Amino acid sequence: MTPAFFAQHSVADLAGRSDYWLGQQGRLVAPMVLREGGTHYEPIQWDEAFDLIASTLRGLDSPDEAIFYTSGRTSNEAAFAYQLMVRAFGTNNLPDCSNMCHESSGEALSETIGVGKGTVTLTDVETSDLIIVAGQNPGTNHPRMLSALEKVKKGGGRIIAVNPLVEAGLKRFKNPQKPSGVIGSGTDLADQYCQIRVNGDLAFFAGIGKLLVEADDSRGGVVDHEFIAEHTDGFEALRGHYASLAWADLEAGSGLSRAEIEQVAEQVIAADSMIICWAMGLTQHKNSVPTLREVINVLLLTGNIGRPGAGACPVRGHSNVQGDRTMGIWERSPEWFLQRLDDRTGIQAPRKHGVDVVDAIRAMRDGKGRFFMGMGGNFVRATPDSAATEAALTQTDLTVQVSTKLNSSHAITGKQALILPTLGRTEKDETGGHEQFVSVEDSMSMVHASWGRLKPASPHLRSEVDIVVSIAEHLLTDSPVDWAAMRADYGVIRSHIEAVVPGFADYERRAQEPGGFVLPNGPRDSRTFATETGRARLTVNALSRVDVPQGRLLLQTMRSHDQYNTTIYGLDDRYRGVHGERRVLFINPIDRFELGFEEGALIDIISEWPLPSGEIEERRGMAFALIDYPETAPGCVAAYFPEANVLVPLDSTAERSQTPTSKSVVVRLEASVHTGALPQR
Ligand SMILES: Nc1nc2c(c(=O)[nH]1)N[C@H]1C(S)=C(S)[C@@H](COP(=O)(O)OP(=O)(O)OC[C@H]3O[C@@H](n4cnc5c(=O)[nH]c(N)nc54)[C@H](O)[C@@H]3O)O[C@H]1N2
Ligand SMILES: Nc1nc2c(c(=O)[nH]1)N[C@H]1C(S)=C(S)[C@@H](COP(=O)(O)OP(=O)(O)OC[C@H]3O[C@@H](n4cnc5c(=O)[nH]c(N)nc54)[C@H](O)[C@@H]3O)O[C@H]1N2
Ligand SMILES: [Mo]
């Protein structure tokens, strides 16, 4: 995408294009600037771009007026350098895609077991006796996990799926190594498929916990009392809570029958080891944190933490989203991290918490966030309440996007905007005049080196580390940090990481070993729990669920097969049988019939959000085609992310984690008022 492309297409033109179109225009190769009042991006020299960033940041009334977002592809090295630069500048405003993704998991896990990550290895998954896959669509989003699940089946293990949609990838499975493809008429992957109501998981897992405790009382041998006594607290309170739960509420809450939940509980009791895997179907609800605490209750009651084949497995998205958090990309990094950072680097990191994604949008909306930088990602499309977010971003003085490809976040800009093109992970990185590697951490806490092999798309591209260090050099003129040394040798950054973050001893060497190394994990390695009480915590979680008034439906937003988040590769969703179209609403024919719509009808989706005043605030998603989909639970409809993001209210977030509730939005349907061509987004 040469400057000629930008001369041809005005920013207004780009803003009218779909992300599908934008993403197909090729790789970004030159830094570009949109000047105040300008209509087109123009070329800019790298140094001039860094000067513009530095002068804008210096002109702010406070460093807290700047927002530094990160997506999850940024390497450990770039992430560490980035948060160091941001904190040396003077703010903790480091929102990231985790805020919209696994923040609820981190929150619930930290509180209950003292570490915000999963507790299993790949071997654990492959050798487990029972795997519960809840709120996750691995066939599309984690295809490599299917091979692990197949091993479970071959080894005589069982799989239970918990999902309001019957997903083909969990139902029928064929080995992806075979030419016939992953999904076909192969064997059923899931031994039991619980078609739960959207947002029904809190009631579901509470029901299982209740049954486990009752079975233990009547026949014994179900609850791991030795583990409970030695490693946990809260058992008696939990037992009392379970006794108070009524089956009518558990059934209504989960949308499942008592018999179905009993069947699951029997499998849990019969299993020698159990892993619970989950993804966005569990994390993006108002009650996600209590739901995940209930998941942990079920694991703890049965002693399924810290032994082979057992544990908690939040399945992550972006290749380094977990590593970025380990590196301090967090608006609420703990005191010990900040203190070690100060000690090592000589900076004085601010202690006031920064803004997460939702608060960043609020800050920009209210004129308190005047600078936005995106280290990768597509902030304007990935976030909720698209109209509000767009309006917020356009109020800023400067937006900066570090990217490989064009997306909407380059078209919806502040008064001025910069595009800084960067190397992709697969490209050879010769920053500092020699080949360098970076490293990443996966969902199983494995850290390994990553060498780019391909020739870069352009010789003018800079690595993310180089970009961050250059901004620091232009901005922080009397900094105690030797930024240039970090650019010359990423090993210098790794030595800082080794000094600040536990578990990285001998980082330089171990990262380059085949397969890398695994970070320590108290619950997994030694059943140690760094919680408030030094024990794993069984928690009492009051039942709650989203109220869906008469005639309304509960909408979840999800991924199709041909997309990676906001990057749309194609318009098909093969396992769900949708072709050439994304503006669709999956609806159970029973609901469609009751609401009086024809199959295929063009409808508007209106989300209804009750304000504190009692008034209902409405958001309208225009022109979606109804698709009959008996595989979705009655009352529960589904549309694609990001097209449906206009419907998610900014203030509708999870308790404690403030994750947007992208999986439960109350909506009603109306015949579409839209005429003419379908909207681009
Ligand atoms: N090809 C591809 N791979 C990806 C991505 C991609 O976009 N494309 N994105 C990556 C990222 S960042 C992430 S976080 C992961 C996301 O991976 P997933 O979490 O699998 O992604 P979603 O499509 O959001 O699917 C959520 C699943 O949860 C179910 N669900 C919805 N609501 C509920 C509920 O209330 N309860 C239960 N039990 N289930 C529910 C949906 O029916 C769906 O099957 O994938 C990663 N991998
Ligand atoms: N309604 C709804 N909203 C959601 C979700 C949902 O399920 N429903 N899911 C949420 C989740 S789980 C997530 S993780 C977020 C995702 O939020 P983001 O991470 O912000 O979005 P992505 O679409 O993954 O970002 C893709 C962009 O990253 C850039 N990019 C790709 N590779 C690189 C690289 O190597 N370096 C750099 N610098 N840039 C690169 C490209 O320009 C590409 O366009 O969205 C969230 N939003
Ligand atoms: Mo994600």
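Preceding this section is the structure that the text describes.
Procedures and definitions
Residues numbered from 1 in each chain as written. Chains lettered and ligands numbered in written order. Predicted model: local features only at pLDDT ≥ 70, side-chain atom pairs only at ≥ 80, totals over all residues. Heavy atoms only, no water. Near = heavy atom within 4 Å. Polar contact = N/O pair within 3.5 Å; in protein donor to acceptor, adjacent residues only side chain to side chain. Areas by Shrake-Rupley, 256 points an atom, 1.4 Å probe, with all protein chains shown as cover. Helix = DSSP H or I, 4+ residues; strand = E, 2+ residues; numbered from the N terminus. Buried < 20%, exposed > 50% of the residue type's maximum accessible area, 1.4 Å probe, protein only. Contact = heavy atoms within 4.5 Å. 1 Å grid on protein atoms, 1.4 Å probe; cavity = no way out; pocket = protein on both sides within 12 Å on 5 of 7 lines; lining within 4 Å. Points joined across faces, edges and corners; volume = space filled by probe spheres on them. Nonpolar A, V, L, I, M, F, W, Y, C, P; charged D, E, K, R; others polar.

Engineer: Quick rundown of the site of ligand 2? Include the residues and the values.
Structural biologist: Within the structure, ligand 2 sits among 30 residues, and Y69, S71, A382, E464 and T566 are positioned closest to it. Within the contact set of ligand 2, an oxygen atom lies 2.6 Å away from a side-chain nitrogen or oxygen of S71. With the chains in place, 95% of the 920 Å² that ligand 2 exposes on its own is no longer accessible.

Engineer: Can you lay out the side chain of E107 for me, pointing to particular residues and giving the numbers?
Structural biologist: Mapped onto the elements, E107 comes out in helix α6 (residues 103-113). Owing to a relative accessible area of 14%, E107 belongs among the buried residues under this scheme. In this structure E107 touches V289, R332 and R656, once residues within four positions along its chain are discounted.

Engineer: Describe the layout of surface pockets, with residues and values.
Structural biologist: Approximately 1,200 Å³ is the volume attributed to the second largest pocket. Lining the second largest pocket are 41 residues, with S110, G114, V115, G116 and W330 sitting closest to its centre. Here the lining of the second largest pocket gets six residues from one element, more than from any other, and that element is α6. For the lining of the second largest pocket, the class distribution of residues is 15 nonpolar, 16 polar and 10 charged.

Engineer: Now, about the site of ligand 1: what can you tell me, with residues and values included?
Structural biologist: Taken together, 30 residues are adjacent to ligand 1, and N163, E167, D201, Q563 and N565 come closest. T140 places a main-chain nitrogen or oxygen 3.2 Å from a nitrogen atom of ligand 1. Within the side chain of D201, one N or O atom sits 2.7 Å away from a nitrogen atom of ligand 1. With the chains in place, 96% of the 910 Å² that ligand 1 exposes on its own is no longer accessible. Secondary-structure elements contributing two or more residues to the shell around ligand 1 are α8 (138-141), α16 (280-283), β19 (553-558) and β20 (563-564). Here the shell around ligand 1 takes three residues from α16, the largest share from any one element. A per-class count over the shell around ligand 1 returns 11 nonpolar, 15 polar and four charged.

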